[in-house]
Amino acid sequence: MNKHPLANCVRILARGKTASRNMSYEQARFAMTELLAGRYEDVQLGAMFTLMRVLEETPDEIAGFATAINEYWPEGSERFDLVWSSYAGKRRQPLWWALSALLLSQMGYRILVHGTLAHTEGRVYAHEVFQALKLPTATAASLSKCEDSLIYLPCSEIHESLQKWLSLKPILGVRTPINTVLKTIAPHGVPSVQGIYHPDYRTTHSVAAEIKQETAVIIKGDGGEFEVNPELPCQATLMVEGEEAHLRIANDRSEYEDKARSPNTEHLIRHWQGVEHSSYGHDAVLRTAALALCAMLKSTDYVAALSECSKAWAERNTELLA
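Sequence positions are assigned chain by chain, starting from 1 and proceeding in written order. Local features in this predicted model are restricted to residues whose pLDDT is 70 or higher, and side-chain atom pairs enter the listing and the counts only when it is 80 or higher, whereas totals over whole chains, interfaces and linings include all residues. For the side-chain quantities, the full set of heavy atoms in the structure was used; hydrogens and water were omitted.

A. A look at the layout of surface pockets. Computed from the structure, the largest pocket encloses a volume of approximately 1200 Å³. Every residue lining the largest pocket is counted, 40 residues in all, and those nearest its centre are Ala88, Arg123, Tyr197, Gly223 and Gly224. Only DSSP runs of H or I covering at least 4 residues are called helices, and only runs of E covering at least 2 are called strands; the numbering of each starts at the N terminus. Looking at the lining of the largest pocket, the elements with two or more residues in it are helix H7 (160–166), helix H8 (169–172), helix H9 (178–184), helix H10 (201–212) and strand E6 (234–240). When residues are grouped by polarity, Ala, Val, Leu, Ile, Met, Phe, Trp, Tyr, Cys and Pro land in nonpolar, Asp, Glu, Lys and Arg in charged, and all others, Gly among them, in polar. Partitioned by chemical class, the residues of the lining of the largest pocket number 12 nonpolar, 15 polar and 13 charged. A cavity, in this analysis, means grid points on a 1 Å lattice covering only the protein atoms where a 1.4 Å probe fits yet has no way out; a pocket is instead an open set bounded by protein on both sides within 12 Å along at least five of seven lines, and a residue lines either one if it has an atom within 4 Å of a point. Every residue lining the second largest pocket is counted, 19 residues in all, and those nearest its centre are Ala186, Pro187, His188, Gly189 and Glu214. Grid points are joined across faces, edges and corners, and a volume is the space filled by probe spheres set on the points.

Now the structure itself:
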């Protein structure tokens with residue numbers, strides 16, 4: 001019986017306490033290419049993802065996986081100015097970053113958001129916010145025809161297996177490396193913004209971006225989303241085609257009394273329209289938008305970006321979400 005092509009990748013990860021090792025970039029890229037093509041057995045998929053969690057996935061593995069997935073971006077995705085990943089959802093606060101993306105789209109930038117279906121009770125996810133705000137959702141077939149400047153694309157439209165693999169946690173008992181990988185994917189040449197929850201993953205994301213020679217901004221975002229929490233200092237890592245820089249945003253206060261107490265999207269609508277003001281929301285929206293603008297401009301001048309976003313906010317079309 002001939003050995004399966006993926007057997008060597010599983011063997012690398014599973015050779016015992018002293019001999020097991022992580023995959024190289026090329027090995028991970030090969031493995032994901034095979035997985036996306038459907039050339040695998042379910043037992044191999046489960047073994048590989050679980051073993052990677054035991055060993056802890058490396059930047060080389062994340063970069064290799066992402067490179068393979070990036071081959072599947074639908075036609076038209078390369079025309080966007082920024083790719084915005086959203087996979088964590090929010091349960092205590094609205095997704096203020098949605099207004100950041102909307103603001104940038106009104107400033108003339110094209111933003112492509114990608115994410116997952118709702119999977120945790122009590123959390124609100126990007127696809128639900130886009131639906132509530134009446135913002136467009138694209139399919140792989142329709143993306144190239146969409147003229148809107150802010151669009152949501154389900155990860156299943158990049159490849160049908162991605163959403164299925166994200167849903168393996170109840171079966172395997174642990175989150176898979178796909179959760180990390182999908183935050184790092186982007187069409188060739190398009191900058192991305194990436195929110196993490198665990199600080200240890202900052203290096204994983206930044207080094208993966210360095211390996212792929214991509215432009216990205218990475219922050220420990222509120223709830224794991226790419227969203228500045230203005231109650232805490234924010235350390236942003238800006239990767240520009242392999243070069244690393246750091247931006248630090250100080251918090252003006254440690255507590256905002258007027259912050260929303262639920263993820264209800266109505267807070268976003270009322271804040272955009274100017275009917276309900278939230279100092280917390282205002283600072284979260286503008287600081288997040290400014291960091292995303294730094295990614296698109298490949299600039300470390302956060303102060304200038306914040307000034308530009310603040311001016312655009314004052315001039316926004318408040319009737320847009322009416």
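B. Looking closely at the pattern of salt bridges. Any carboxyl oxygen of Asp or Glu within 4 Å of a side-chain nitrogen of Lys or Arg constitutes a salt bridge here. Under the criterion given, the structure shown has 12 salt bridges. A salt bridge links Glu231 to Lys259; the shortest N-O distance between them is 3.0 Å. Within this pair, whereas Glu231 is found in the loop between strand E5 (216–220) and E6, its partner Lys259 is found in the loop between strand E7 (243–249) and helix H11 (266–273), the two being separated by 28 residues in sequence. Note on classification: 1.4 Å probe, protein chains only; a residue is buried when its accessible area is under 20% of the maximum for its type, exposed when over 50%, partly exposed between these limits. Among the residues examined, Glu231 registers a relative accessible area of 10% and is labelled buried. Several salt bridges converge on common partners, so that one network encompasses Lys90, Asp222 and Glu227.

C. Layout of the pairing of strand E2 (residues 111–115). Across the five residues that make up E2, a large majority, five, are buried. Here E2 shows two buried faces, one formed by Ile111, Val113 and Gly115 and the other by Leu112 and His114. Any two strands with at least two DSSP bridges between them are considered paired. Pairing of strand E1 (residues 82–86) with E2 involves five bridges; the strand directions are parallel. Residue Ser86 lies in a different strand from E2, and its bridge partner there is Gly115. For the segment spanning E1, helix H5 (residues 97–106) and E2, crossover handedness is right-handed. Relative to strand E3 (residues 150–154), E2 runs parallel, the two sharing five bridges. Bridged to Gly115 within E3 is Pro154. Consider the strands pointing away from the viewer: the crossover is right-handed when the path from the first strand over the helix to the second runs clockwise. The parallel pair E2 and E3 is bridged by helix H6 (residues 126–132), and the resulting crossover is right-handed.

D. Spatial organisation of the nonpolar core. If you look at the biggest cluster of nonpolar residues, it comprises 55 residues, and the most contacted ones within it are Trp84, Ile111 and Leu291. Considering every element that reaches this core, the biggest residue donor is helix H12 (residues 279–297), with 12 residues. In this description, contact between two residues means that some pair of their heavy atoms is separated by no more than 4.5 Å. Residues in contact with Trp84, not counting those within four places in the same chain, are Trp97, Ser100, Ala101, Leu104, Ile111, Leu112, Val113, His114, Val193, Phe226, Thr288 and Ala292. The criterion is simple. A nonpolar core is a set of buried Ala, Val, Leu, Ile, Met, Phe, Trp, Tyr and Cys residues joined through side-chain atoms within 4.5 Å. Core analysis: the next-biggest nonpolar cluster, separate from the first, contains 46 residues, Met52, Val83, Ile158 and Leu182 among them.

E. Region of interest: H10. Expected helix span is taken as 1.5 Å per residue step, with the number of steps being one fewer than the number of residues. Its 12 residues place the ends of H10 17 Å apart at the C-alpha level, agreeing with the 16 Å of an ideal helix rising 1.5 Å per residue. The complete set of buried residues in H10 reads Tyr201, Arg202, Thr204, His205, Ser206, Ala208, Ala209 and Lys212.

F. Here's a closer look at helix H3 (residues 42–55). The terminal C-alpha atoms of H3 lie 20 Å apart, and with 14 residues this matches the ideal 20 Å at 1.5 Å per residue to within 8%. Summarising the contacts, the buried residues of H3 are in contact with helix H1 (7–13), helix H2 (25–36), helix H4 (59–69), H7, H8 and H9. After H3 finishes, the residue Glu56 shows a positive phi value of roughly 75°.

G. Geometry of the sheet that holds E1. The strand order E3-E2-E1-E4-E5-E6-E7 describes an open sheet built from seven strands, whose pairing is mixed. Every other strand in the sheet has two partners, leaving E3 and E7 as the edge strands with one partner each. Here the average twist between neighbouring strands, direction ignored, is 20°. To obtain each axis, a line is fitted to C-alpha atoms, and for helices this fit is confined to the stretch in contact; angles are then taken between N-to-C directions over 0 to 180 degrees. Across the face of the sheet, H10 comes into contact with strand E4 (192–196), E5, E6 and E7 while running at roughly 15° to E6. Each of E1, E2, E4, E5, E6 and E7 is contacted by H12, which is oriented at about 135° to E1, the strand it contacts most.

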